[in-house]
Amino acid sequence: MSIQWFPGHMHLTRKAITERVKDIDVVIEMLDARLPGSSANPLLAELTSAKPTLKVVNKQDMADPERTALWLAHYNAQPNTRAIPLDASVTAPARAIIASCHELAPNRGGMVKPMRVLICGIPNVGKSTLINTFMGKRAAKTGDEAGITRTEQRIALADDFYLFDTPGMLWPRIVVPESGFNLAASGAVGRNAYDDQEVALELLNQLKLSYAPLLEARYKLGLAPEAIAALPDEELMEAIGRKRGALAGGGAVNWQKAAELVIADFRSGTLGRITLETPEQFVRWLQAGQKADAERQGRKKERAAKPRKPDRR
């Protein structure tokens, strides 16, 4: 299953970013700490390539701290880029963000040259929650659903620091299959773009290999981590469904309900601190995805170049 989601309002966001970035000093991209590679928007990187970038790795309190450290090192090693972790417990996020932006653009600041910052991110990454923290009130709508914010707004974090917020945006074609599943599992993709059972099975496939003890702790399967890791994905979800009472008539497992339970436990952090990808993994996925996409595009061009057979009707 290929997961794709780029509704019409995202085209408008793309145009708005293209216009706004001309006058911007620093671009903030919020990432989901549970999927820092998959939540980095390649389209945004293309639109803002000449600008200093601050990667705000959000929801770090829900992510694996060892893997978060790997991702922070990965992004901080990139030119013209800084990365900082963030979560809901940080009491003064504005201070940390303002300081990091001034490190990236040291010549901006003061009333004559105020700092102008664009903040972007995928849907449901926590950007609206952060904006509300800045404002001290519910200035932006929030919720566990992709695509809630639809309009740009300007926020003054200081007298000489202006933050331009944009709606969440994905990219027209997700070429990394693993990223599609991870984005869906996190809630960044609209509900009509994926199948819960397919996403839950892919999620369990990753969790059983890296976080089997957390699965045992949550679902009380009575299995050693090695046994959980060896289970086929379908058997693992069936066992979870039975343990959690996700049953249909006759005692059969209700696969849809079981899938929804697994996804909800991941999104809420009930399963524990989990990160679905490492920098090394993501690089491999990206290379394979780009290669497969290039081959698809090549076959498409070949088909288009073939002369059509004459219509004999």
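These lines cover the structure that appears in this document, whether it is placed above or below. (Residues numbered from 1 in each chain as written. Predicted model: local features only at pLDDT ≥ 70, side-chain atom pairs only at ≥ 80, totals over all residues. Heavy atoms only, no water.)

Overview of the packing of helix 6 (residues 177–186) against helix 7 (residues 196–210)
Now for step 1: Between helix 6 and helix 7, the shortest axis-to-axis distance is 9 Å and the interhelical angle comes to 105°. On the basis of their axis angle, the class for helix 6 and helix 7 is roughly perpendicular. Here F181, N182, A184 and A185 of helix 6 come into contact with helix 7, specifically with E198, V199, E202, L203 and Q206.
Now for step 2: Looking at the contact of helix 6 with helix 7 residue by residue, the class counts come to five nonpolar, two polar and two charged. (Axes fitted to C-alpha atoms, helices over the stretch in contact; angles between N-to-C directions. Helix = DSSP H or I, 4+ residues; strand = E, 2+ residues; numbered from the N terminus. Parallel < 35°, antiparallel > 145°, perpendicular 65-115°, else oblique. Contact = heavy atoms within 4.5 Å. Nonpolar A, V, L, I, M, F, W, Y, C, P; charged D, E, K, R; others polar.)

Here's the deal with the pattern of salt bridges
Now for step 1: In this structure the tally under the stated criterion is 14 salt bridges.
Now for step 2: The partner of D196 in a salt bridge is R191, with the nearest N and O atoms 2.8 Å apart.
Now for step 3: Of the charged contacts, one joins E280 and R284 as a salt bridge, the two residues approaching to 3.7 Å between their closest N and O atoms. Here E280 pairs with R284, and both are found in helix 12 (residues 279–305), just four residues apart, close to one helical turn.
Now for step 4: What makes R284 partly exposed here is its relative accessible area of 46%.
Now for step 5: Beyond isolated ion pairs, a larger network of salt bridges with shared partners links D25, R108 and R116. (Salt bridge = Lys/Arg side-chain N within 4 Å of Asp/Glu carboxyl O. Buried < 20%, exposed > 50% of the residue type's maximum accessible area, 1.4 Å probe, protein only.)

A closer look at helix 11 (residues 255–268)
Now for step 1: For helix 11, which comprises 14 residues, the first-to-last C-alpha distance of 20 Å matches the rise-based estimate of 20 Å (1.5 Å per residue) to within 8%.
Now for step 2: Looking at the buried residues of helix 11, the elements they touch are helix 6, helix 7, helix 8 (212–219) and helix 10 (233–243).
Now for step 3: The distance from a side-chain oxygen at the start of helix 11 to the backbone nitrogen of Q256 is 3.2 Å, and the residue carrying that oxygen is N254.
Now for step 4: Looking one or two places after helix 11, you find G269, whose phi comes out positive at around 85°. (Expected span 1.5 Å × (residues − 1). Polar contact = N/O pair within 3.5 Å; in protein donor to acceptor, adjacent residues only side chain to side chain.)

Here's the deal with the sheet that holds strand 6 (residues 161–165)
The pairing of strands in a sheet comes from backbone hydrogen bonds and takes either a parallel or an antiparallel form.
Now for step 1: Read from one edge to the other, the open sheet built from six strands follows the order 3-2-1-4-6-5, with strand pairing classed as mixed. Only two strands of the sheet have a single neighbouring strand rather than two, namely strand 3 (81–85) and strand 5 (153–158). Taken over all neighbouring pairs, the strand axes of this sheet differ in orientation by 25° on average, direction set aside.
Now for step 2: In terms of strand pairing, strand 4 (residues 115–121) meets strand 6 through five bridges, oriented parallel. Residue pairing for strand 6: I119 is matched across the bridge by D165.
Now for step 3: The sheet contacts of helix 4 (residues 93–104) involve strand 1 (26–32), strand 2 (53–58), strand 3, strand 4, strand 5 and strand 6, and relative to strand 3 the element is tilted by about 165°. (Pairing = 2+ DSSP bridges.)

Notes on a positive patch on the surface
Now for step 1: Judged by side-chain charge, R299, K300, R303 and K306 come together as a positively charged surface patch.
Now for step 2: Along the polypeptide, K300 turns up in helix 12. (Patch = residues over 30% accessible without salt bridge, like charges linked within 9 Å, V, L, I, M, F, W, Y side chains within 5 Å. Areas by Shrake-Rupley, 256 points an atom, 1.4 Å probe, with all protein chains shown as cover. Lys, Arg positive; Asp, Glu negative; His and termini not counted. Charge placed at Lys NZ, Arg CZ, Asp CG, Glu CD.)

Focus: the packing of helix 4 against helix 5 (residues 127–135)
Now for step 1: It is at 9 Å that the axes of helix 4 and helix 5 come closest, and there the two elements cross at 100°. The pairing of helix 4 with helix 5 is recorded here as roughly perpendicular in orientation. Taken together, the residues of helix 5 that come into contact with helix 4 (itself represented by P93, A94 and I97) are L130, T133 and F134.
Now for step 2: Residues belonging to the contact of helix 4 with helix 5 are distributed by class as follows: five nonpolar, one polar and no charged.

Structural notes on the pairing of strand 5
Now for step 1: By the bridge criterion, five bridges tie strand 5 to strand 6 in an arrangement that is antiparallel. The partner of Q153 across the bridge, within strand 6, is D165.
Now for step 2: Hairpin geometry of strand 5 and strand 6 is characterised by an intervening segment of two residues between the two adjacent antiparallel strands.

Notes on the side chain of N41
Now for step 1: Relative to the helices and strands, N41 resides in the loop between strand 1 and helix 2 (42–47).
Now for step 2: Relative accessible area serves as the criterion here: at 4%, N41 is assigned to the buried category.
Now for step 3: A distance of 3.0 Å separates a polar side-chain atom of N41 from the backbone oxygen of M169.
Now for step 4: Setting aside chain neighbours within four positions, we find N41 in contact with E29, M169, L170 and W171.

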